[in-house]
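In case you want the letters, here they are:
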Amino acid sequence: MTIREIATTPFDDQKPGTSGLRKKVTRFQESGYLENFVQAIFDVRPDLVGGTLVIGGDGRYFNLAAIQIILRMAAANGAARALVGQNGLLSTPAVSHLIRKFETRGGIVLSASHNPGGPDGDFGIKFNTPNGGPAPESVTDAIHKRTQSIQKYRTIECADIDLQTIGRQKIGEMTVEVIDPVADYADLMAELFDFDAIRNLIGGGTFRLCFDAMHAITGPYATEILVNRLGAPESAVINATPLPDFGGGHPDPNLTHAHEAVELTTGEDGADFAAASDGDGDRNMILGRNFFVTPSDSLAVMAANAHLIRGYQDGISGVARSMPTSAAADRVAQQLGIEAFETPTGWKFFGNLLDAGRITLCGEESFGTGSNHVREKDGLWAVLFWLNLLAVRKQSVAQIVTEHWATFGRNYYTRHDYEGVDAGAATELMNHLRSSLPHLPGTHDIAWADDFAYEDPVDGSRTEQQGIRIGFEDGSRIVYRLSGTGTVGATLRVYLEAFEADTGKQNLETQTRMQPLIELADTLAGIRERTGRDAPDVIT
Ligand code: G16
C-alpha cells in the first residue's frame, strides 16, 4: 500500500471550542476539512508514531466515514495500532478508560455530544491525551495553530476496514483491532460499585427504574450493565438503539429534551428512579419520583456520600466544580475538610487536578459528573453511583436530597439559555457587562463582580475571560457566559444561584424562588433588548 501526500489549504475555522472542534456535518464533509484537522493532530503529537491510538464515536451521521478516513491517515502517519469500537462505537468515558487501561498515546473521539445529528446536524472531533482526558489548551492551541499553516496531509489507498467484525486487520504496517465497545467499561463499573446491592434493589420487582439512552451511544452500555449484569427488565432501558440521527431527537439529558424520563417519574405511581444520558454518554440527568436532582446538587450529594460507595470508601481527596456550577459541593468540602476548586467550564480543566490527586470527584452544572476512574465525565457511572447510594441508604432520591439540604443548606439553581442569538449582539452584551463591572458593587445589593480567570494550581497556566460573575450580599450569584459548543450564532447562558439555609423555605418551586434574580439578570445585561428575545429557549 502506498502512502500518499495530498496537497491541501487551511480552513479558517478550526479552533477547538469548549470540547473539541464542532461544526455542521456538511462542513466536515468538505474535501480536506476533517483531514486537515486530523493531520494537525499527528503533526503536533509526534509520539503517535509507533504508538497505539483509541478511535471511536457516538454513532452519529458521518461517524463511520470519518473513522475510515482517520484510520487511513493514522496508518500513513506511522501509528502502530488502532483500537476501534465495533461498528465505530465508543462512548466518551469508554474511550477515556481504554486509553488509560491500555496505556495508549491518546485517542480520537468523534462526537458533537448533545448536539443533534443527521446529515443536517452536527459533528465533532477531539483529541484525548495519554491520561485519557481531553487535550489541555496548550495542545488544542497547538493543533489550531498547525491547521492555519497546513499544506498537505498523509493517507493510504486501501479498502475500508470491516468495523463490524471483532478481531485484527491491517492497514499497511498498522494493526487495527476492532474491539467490544462495552466489556472493558462494564468491568470497570463492576469494580467501583456494589453490583450485588444494586441487583437486590432493582431486580426485586418492586423498584421501578427507567434509563433513557435517547437513541445515542449509551443504549448498548446500559443494556449490558443494567439489564444483563444487574437484572433490570429489558423495558427499563428506553430508546436503546443508537441511530445516526438519534431518532430525530436532541440527545441532551435535561428536563426539556429528556421529557420521556420526566413523564415516567411524574405522578403518585411514577417510577422510583429515572436517568438519561447524552449523544456520547458523558452527561447524566438524575430523577426520582416527582423529583429532579440538579447536576450541582448531584455532585454535592455524591461528595457527601462517597464513603458509602465501594470505589470511594477510603474518602475523597478533594472536589472541583466548573465556575457556573452552584457552590453546593463547596459546602460539603468545607465540612469534610477537603480542598474545593472552581475551574472554567470544560472538562479539560479537571485533568491536572485529577492527575495530581488533588480531587477525586468533579462536576458541572451542564449535567456532567465524574471521578478519578477516567478523565471524562461519565453518564452511566453517575447513574450507577446513585443506584448504589439508593441501595445502601434505603431511601428515595427525594429523601436523600432533602436531607442533604437540611444538613448543608440548599443552593437553589437554574440556568437560562438563549440559543442561536446574533453573535454580534451577544458579544456586545458581554462587553457591556464587562465594562460595567467596576460600577456594580454597591448597587442592587451586589457585593462583588468580576470576569472569571483561572490559574491552574498544578501547572500555573492562566485562562481568562471565562464568564461574568456577579455576587450578592446574601450569597446569591448571577453568571453570564457564551457557550463554546454551539454551531449556530451564539448561545447566551445565564446561571442563577440563591442560597437558603432555612429548611422551612427549601421546598419552593425553583423559578418562583428565583424570579427576582431572573429579572435583575435581565436588567443588568439588557438581555431582552439586546437579543430581541422575550424568554429563554431552554431552562434547566
Ligand atoms: C462540553 C464540556 C463541558 C461543558 C459543556 C457545555 O460538554 O466538556 O465541560 O460544560 O460542553 O459547554 P458550553 O457551556 O461552552 O456550551 P459536552 O458534553 O458537550 O462535551
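1. Section: the overall build of the protein chain
If you tally the helices and strands in the protein chain, you get 17 helices and 26 strands. Taking 2.2 N^0.38 as the reference for a compact globule, 540 residues should give roughly 24 Å; the C-alpha atoms of the protein chain span a radius of gyration of 23 Å, in line with that estimate. In terms of overall dimensions, the protein chain has a C-alpha envelope of 75 × 60 × 40 Å along the principal axes. Scored against the burial criterion, the 540 residues of the protein chain give a buried share of 59%. Pairs at least 24 residues apart make up 72% of the contacts formed inside the protein chain by residues separated by at least 6 positions. Here the protein chain contributes 47 positive and 70 negative side-chain charges, whose respective centroids are spaced 4 Å apart.

2. Observations regarding the packing of aromatic side chains
Going through the model one piece at a time under the given rule, you end up with 14 aromatic pairs. When the ring of phenylalanine 62 is compared with that of phenylalanine 123, the centres are 5.1 Å apart and the planes differ by 75 degrees; the resulting orientation is edge-to-face. Separated by 61 residues along the polypeptide, phenylalanine 62 in the loop between strand S3 (52-57) and helix H3 (63-76) and phenylalanine 123 in strand S6 (residues 122-128) bring together distant segments of the chain. We note that phenylalanine 62, like phenylalanine 123, is buried. On the basis of an interplanar angle of 80 degrees and a centroid distance of 4.6 Å, the ring pair of tryptophan 347 and phenylalanine 350 is categorised as edge-to-face. Members of the aromatic cluster, connected to one another through ring pairs, are Phe11, Phe28, Tyr33, Phe62 and Phe123. Of note, arginine 331 hangs over the ring of phenylalanine 499, and the distance from its end group to the ring centre comes to 3.5 Å. Positioned above the aromatic ring of tryptophan 405 is the side chain of arginine 410, whose terminal nitrogen or guanidinium carbon lies 3.9 Å from the ring centre.

3. As for the nonpolar core
Counting 74 residues, the largest nonpolar core has Met189, Phe193, Phe273, Leu361, Trp381, Trp386 and Leu387 as the members making the most contacts within it. Sequence-distant contacts of phenylalanine 193, that is, excluding residues within four places in its chain, are made with Ile198, Ile309, Arg310, Trp381, Leu384, Phe385 and Asn388. Core analysis: the second largest hydrophobic core is formed by 43 residues, Phe42, Ala66, Tyr153 and Ile156 among them.

4. Notes on helix H7 (residues 195-202)
Residues of H7 that are buried include every one of Phe195, Ala197, Ile198, Leu201 and Ile202, and no others. Looking straight down H7, one finds that the buried residues subtend no more than 160 degrees of arc, so they occupy a single side. Looking at the buried side of H7, the elements it contacts are helix H6 (183-192), strand S10 (209-212), helix H8 (218-229) and helix H13 (379-393). N-cap assignment for H7: the residue whose side-chain oxygen lies 3.2 Å from the backbone N of aspartate 196 is aspartate 194.

5. Focus on the sheet that holds strand S24 (residues 477-482)
In a beta sheet, neighbouring strands pair by backbone hydrogen bonds and run either parallel or antiparallel. With antiparallel pairing, the 6 strands of this open sheet are ordered in space as S20-S23-S24-S25-S19-S26. Each end of this open sheet is capped by a strand with a single partner; those strands are strand S20 (446-451) and strand S26 (538-539). Judged from the 5 bridges that link them, S20 and strand S23 (residues 468-472) form a sheet pairing that is antiparallel. Within the sheet, the bridge partner assigned to tryptophan 448 lies in S23 and is glycine 471.

6. Let's talk about the environment of valine 237
You can see valine 237 is positioned in strand S11 (residues 237-238). The exposure class assigned to valine 237 is buried, which follows from its relative accessible area of 9%. Taking the C-alpha atoms as reference points, valine 237 and alanine 275, separated by 38 residues in sequence, lie 9.7 Å from one another. Dropping the residues within four chain positions of it, valine 237 is found in contact with Phe211, Ala222, Thr223, Leu226 and Val227.

7. Considerations on the pairing of strand S4 (residues 81-89)
When a strand is regular, its side chains alternate between the sheet's two faces. Where S3 lies against S4, 5 bridges are found, and the strand directions are parallel. Each bridged residue has a counterpart across the sheet, and for threonine 52 the counterpart in S4 is arginine 81. In this view, the connection linking S3 to its parallel neighbour S4 by way of H3 has right-handed handedness. Pairing geometry for S4 and strand S9 (residues 174-179), over 5 bridges, is parallel. In the sheet register, leucine 83 faces S9, and the bridge partner there is glutamate 177.

8. A word on the side chain of arginine 45
On the secondary structure map, arginine 45 appears in the loop between helix H2 (33-44) and S3. By relative accessible area, arginine 45 is classed as buried at 16%. Apart from residues no more than four positions distant in its own chain, arginine 45 is found in contact with Phe127, Thr129, Pro130 and Val139.

9. A look at the domain arrangement of the protein chain
Here the domain parsing of the protein chain yields domain 1 (3-181), domain 2 (185-408) and domain 3 (410-539). Listed by partner, the interface residues are 32 residues for domain 1 and 33 residues for domain 2. Buried surface at the junction of domain 1 and domain 2, summed over both partners, amounts to about 2,500 Å²; 58% is from carbon and sulfur atoms. When residues of domain 1 are sorted by the area they lose upon contact with domain 2, Pro93, His97 and His114 head the list and together hold 23% of the total. Linking domain 1 to domain 2 there are 1 salt bridge. Among the ionic pairs, glutamate 376 bridges to lysine 126, the shortest N-O distance being 2.9 Å. Those elements that provide at least two residues to the side of domain 1 that touches domain 2 are helix H4 (92-101) and S6. Broken down by element, the side of domain 1 that touches domain 2 gets its largest block of residues, 6 residues, from H4. Tallied by class, residues from the side of domain 1 that touches domain 2 come to 9 nonpolar, 18 polar and 5 charged.

Cut-offs applied
Residues numbered from 1 in each chain as written. Predicted model: local features only at pLDDT ≥ 70, side-chain atom pairs only at ≥ 80, totals over all residues. Heavy atoms only, no water. Helix = DSSP H or I, 4+ residues; strand = E, 2+ residues; numbered from the N terminus. Rg over C-alpha atoms; globule rule 2.2 N^0.38 Å. Buried < 20%, exposed > 50% of the residue type's maximum accessible area, 1.4 Å probe, protein only. Contact = heavy atoms within 4.5 Å. Lys, Arg positive; Asp, Glu negative; His and termini not counted. Charge placed at Lys NZ, Arg CZ, Asp CG, Glu CD. Phe/Tyr/Trp six-rings, centres within 6.5 Å; stacked < 30°, edge-to-face > 60°. Lys NZ or Arg CZ within 6 Å of the ring centre and 35° of its normal. Core = buried A, V, L, I, M, F, W, Y, C linked by side-chain atoms within 4.5 Å. Arc of directions from axis to C-beta. Polar contact = N/O pair within 3.5 Å; in protein donor to acceptor, adjacent residues only side chain to side chain. Pairing = 2+ DSSP bridges. Right-handed = clockwise from strand over helix to strand, strands pointing away. Domains from an automatic or database assignment. Buried area = accessible area lost by both parts, 1.4 Å probe. Salt bridge = Lys/Arg side-chain N within 4 Å of Asp/Glu carboxyl O. Nonpolar A, V, L, I, M, F, W, Y, C, P; charged D, E, K, R; others polar.

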